[in-house]
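As a plain string of letters, each chain reads:
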Amino acid sequence: MTDAPARRPGRFRPSRLRARLDAGDCPLGFHCFSGSAAVIEAAGAGGLDFAILDQEHSPNGPAVLAAAVRAADSVGVDLLLRVATLDAGLGALLDCGPAGLVVPQASAARMARAGALARFAPAGARGACPVVRAGGYGVADWPAFAAEANRELLLIALIEDAAGLSEAEEIARDPGVDALFVGAFDLAVSLGLPPGELRSAGLLGPFEAVLAAAQGKPVMASAGVEGSDYGQWLLAKGVRILSCGADLQIVHRTARRLRAELGSRQA
């Protein structure tokens, strides 16, 4: 009896996020600030489609990313990485096998640089190595692998300041950009507004400008953790991908609610 070959690790399983979009559904995910592989695994088991591992505001290094990708793959979730910097070290992070990148402070120039760093030649300048996890630890057909890697990578522009807002249409025209993510908190700070929802008076106009600039590409936003009303409003406006808050935010708010509701009843 011949043993069946083991499933090779690596990125190339069908993208859950892409499949949801292609079916006309709204992919749902969350931001992972804790770096916990168990939280990512539990969220996927509960039905979410993607997790965004944060490196911009959290100390989640390459080892954390490697564990997070494995956890995400175990439950069929797309692991996206919100990167801290755009430099040659990006290749090593992609070699772990995340589904894509979320690029903060997006501008046309930064997205072009991200695409060049994240894709193999001839589309970019990412370093090539056949024995990494993203390649299943042994790439037999490099041209086919590189072409598939370039095609499957999700590149999401996080528009969160006045500069990105002014270049939203140019960002959307970049064929390497897959989606535009409107970052409400940073955008409000950049515009000198109090942080709030995208339906607030000062942010509604900029938000609608990004929707108009997207030129058919999916727009993403955060619906927070307060319930479905705001999320339904975002969907009605044309948002196609929703992040439902952050893991640490969910834990913190749940703890405060439980303390308020039950704390006074302690013996």
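Conventions adopted
Residues numbered from 1 in each chain as written. Predicted model: local features only at pLDDT ≥ 70, side-chain atom pairs only at ≥ 80, totals over all residues. Heavy atoms only, no water. Helix = DSSP H or I, 4+ residues; strand = E, 2+ residues; numbered from the N terminus. Rg over C-alpha atoms; globule rule 2.2 N^0.38 Å. Areas by Shrake-Rupley, 256 points an atom, 1.4 Å probe, with all protein chains shown as cover. Lys, Arg positive; Asp, Glu negative; His and termini not counted. Charge placed at Lys NZ, Arg CZ, Asp CG, Glu CD. Axes fitted to C-alpha atoms, helices over the stretch in contact; angles between N-to-C directions. Parallel < 35°, antiparallel > 145°, perpendicular 65-115°, else oblique. Left-handed = near helix turned anticlockwise from the far one by under 90°. Contact = heavy atoms within 4.5 Å. Nonpolar A, V, L, I, M, F, W, Y, C, P; charged D, E, K, R; others polar. Buried < 20%, exposed > 50% of the residue type's maximum accessible area, 1.4 Å probe, protein only. Phe/Tyr/Trp six-rings, centres within 6.5 Å; stacked < 30°, edge-to-face > 60°. Pairing = 2+ DSSP bridges.

*Asks:* Which residues make up the overall build of the protein chain, and what values do they have?
*Replies:* If you tally the helices and strands in the protein chain, you get 12 helices and eight strands. Its C-alpha radius of gyration of 19 Å places the protein chain within 12% of the 18 Å reference for a compact globule of 267 residues. Along the first, second and third principal axes, the C-alpha atoms of the protein chain reach 65 × 55 × 35 Å. Total accessible area on the protein chain is roughly 12,500 Å²; 58% of this is exposed by carbon and sulfur atoms. Each charge sign in the protein chain was given a centre, from 25 positive and 28 negative side chains, and these centres are 4 Å apart.

*Asks:* So what about unusual backbone geometry? Which residues, and what values?
*Replies:* Of the consecutive residues A121 and P122, the connecting peptide bond is found in the cis state with omega at 10°. In this structure, P122 sits in the loop between α5 (108-118) and α6 (142-152). A positive phi angle, near 55°, is found at Q215, a position not held by glycine. Note that Q215 resides in the loop between α10 (201-213) and β7 (219-222).

*Asks:* Give me the lowdown on the packing of helix α2 (residues 37-45) against helix α3 (residues 62-74), citing residues and values where you can.
*Replies:* Where α2 meets α3, the closest approach of the two axes is 8 Å, and the angle between their N-to-C directions is 20°. Relative to α3, the element α2 is oriented roughly parallel. In terms of crossing hand, the pair formed by α2 and α3 is right-handed. Seen from α2, the contacting residues are A37, I40 and E41; seen from α3, they are A67, A68, A71, A72 and S74. Residue composition of the contact of α2 with α3, by class: six nonpolar, one polar and one charged.

*Asks:* Please set out α5 residue by residue, giving values where relevant.
*Replies:* Taken together, the buried positions of α5 are A108, M111, A114, G115, L117 and A118. Buried positions along α5 lie against α4 (90-94), β4 (100-103), β5 (154-159) and α8 (168-173).

*Asks:* An account of the packing of aromatic side chains is requested, with residue identities and associated values reported.
*Replies:* Aromatic ring pairs are defined here through the distance separating the ring centres and the angle between the ring planes. If you walk through the whole model with that rule in mind, you get five aromatic pairs. Ring geometry for W142 versus F145: centroids 5.1 Å apart, planes at 50°, classification tilted. On the criterion of helical spacing, the pair formed by W142 and F145 is a turn pair, its members being three residues apart in helix α6. A residue is classified by how much of its surface remains accessible, and W142, at 25% relative accessible area, is partly exposed. Through a chain of ring-to-ring contacts, three or more aromatic side chains come together here, namely F120, W142 and F145.

*Asks:* Which residues make up the pairing of β5, and what values go with them?
*Replies:* Remember that side chains alternate between the two faces of the sheet whenever the strand is regular. Burial of β5 is extensive: six of the six residues sit out of reach of the surface. The two faces of β5 match: L154, I156 and L158 on one face and L155, A157 and I159 on the other face are all buried. Bridge count between β4 and β5: four bridges; the pairing is parallel. When the sheet's bridge partners are listed, V103 is paired in β5 with A157.

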